[in-house]
Amino acid sequence: MKIREAELADLDELMKFYNVMCEILGEKSFLPEGNKGGFPSQKMVEDAIQQHDQFIGKEDDRIMAAYIMNHECDQIYDTVQWQIKADRNEIMILHALRVLPEYTGRGNSKKLVEHAIQTAKARKQKAIRLDCIEGNDVPQKMYMSFGFHYIDTVEITYADIGVPRKFLVFELLL
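1. As for the overall build of the protein chain
Alright, step 1. Scanning the protein chain for helices and strands turns up 4 helices and 7 strands.
Alright, step 2. Going from the N terminus to the C terminus, the protein chain shows its helices and strands as β-α-α-β-β-β-α-β-α-β-β.
Alright, step 3. Its C-alpha atoms give the protein chain principal-axis dimensions of roughly 40 × 40 × 30 Å.
Alright, step 4. Residues classed as buried in the protein chain amount to 45% of the 174 residues present.
Alright, step 5. Contacts in the protein chain between residues far apart in sequence, at least 24 positions, make up 71% of those at least 6 positions apart.
Alright, step 6. Per element, the accessible surface of the protein chain, about 9,200 Å² overall, is 47% carbon and sulfur.
Alright, step 7. With 22 positive and 28 negative side-chain charges, the protein chain shows a separation of 4 Å between the mean positions of the two kinds.

If you want it as structure tokens, here you go:
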């Protein structure tokens, strides 16, 4: 897998990728209402591309993995007792890290996380923070294997899910 910054020319393929991932995740037990779709939104992806915050993994000449890392987060993050205090522009928030199922089991998710860590360090950030819906245990274990610390469980109502859900929040100091 080759990881690079996404470009506007990637937008259509990237949105198809994320739509497929929404369908797949919608079948998981931690989202009992099924596929809510819409995350990330096309506007979020376009903004991330323009801000150099959208990354894609390509293999077999197709987008098979992606993530967004920026400074945007739900307001609940402001109430969490993080390991360090820092301004929003000193912290990266990891979003929408996804790998197509046919490419899992080969360390691709780990490669994306490694890339995100190196990118945040290169951007002189103090930490990476993220949230992971309760019950989605596989990525939680992976993040902790990189040294992310579980901080708290908070309730967030994301527009794509539409109802309040519990999310575990994690932080990695850089």
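Having seen the structure, we can now continue with the description.
2. Things to note about the side chain of Arg129
Alright, step 1. Examined against the element boundaries, Arg129 turns out to sit in strand β5 (residues 127-133).
Alright, step 2. Apart from residues lying up to four places away in sequence, Arg129 is in contact with Tyr77, Trp82, Ile84, Ile91, Met92, Ile93, Leu94, Phe170 and Glu171.

3. Quick notes on the sheet that holds strand β6 (residues 149-156)
Alright, step 1. Taken in spatial order, the 7 strands line up as β1-β2-β3-β4-β5-β7-β6 in an open sheet, and their pairing is mixed. Both edges of this open sheet fall to β1 (2-5) and β6, since each of them pairs with a single strand only. When the angles between neighbouring strand axes are averaged without regard to direction, this sheet yields 30 degrees.
Alright, step 2. As paired elements, β1 and strand β2 (residues 54-59) share 4 bridges and run antiparallel to each other. Looking across to β2, one finds that Lys2 is bridged to Lys58.

4. What about the confidence of the model for the protein chain?
Alright, step 1. For the protein chain, the average pLDDT comes to 91, and 91% of its residues sit at 70 or higher.
Alright, step 2. Here helix α1 (residues 11-26) stands out as the element of the protein chain with the lowest mean pLDDT, 86, in contrast to β1, whose mean of 98 is the highest.

Conventions we followed
- Residues numbered from 1 in each chain as written.
- Predicted model: local features only at pLDDT ≥ 70, side-chain atom pairs only at ≥ 80, totals over all residues.
- Heavy atoms only, no water.
- Helix = DSSP H or I, 4+ residues; strand = E, 2+ residues; numbered from the N terminus.
- Buried < 20%, exposed > 50% of the residue type's maximum accessible area, 1.4 Å probe, protein only.
- Contact = heavy atoms within 4.5 Å.
- Areas by Shrake-Rupley, 256 points an atom, 1.4 Å probe, with all protein chains shown as cover.
- Lys, Arg positive; Asp, Glu negative; His and termini not counted.
- Charge placed at Lys NZ, Arg CZ, Asp CG, Glu CD.
- Pairing = 2+ DSSP bridges.
- Axes fitted to C-alpha atoms, helices over the stretch in contact; angles between N-to-C directions.
- pLDDT = per-residue confidence, 0-100.

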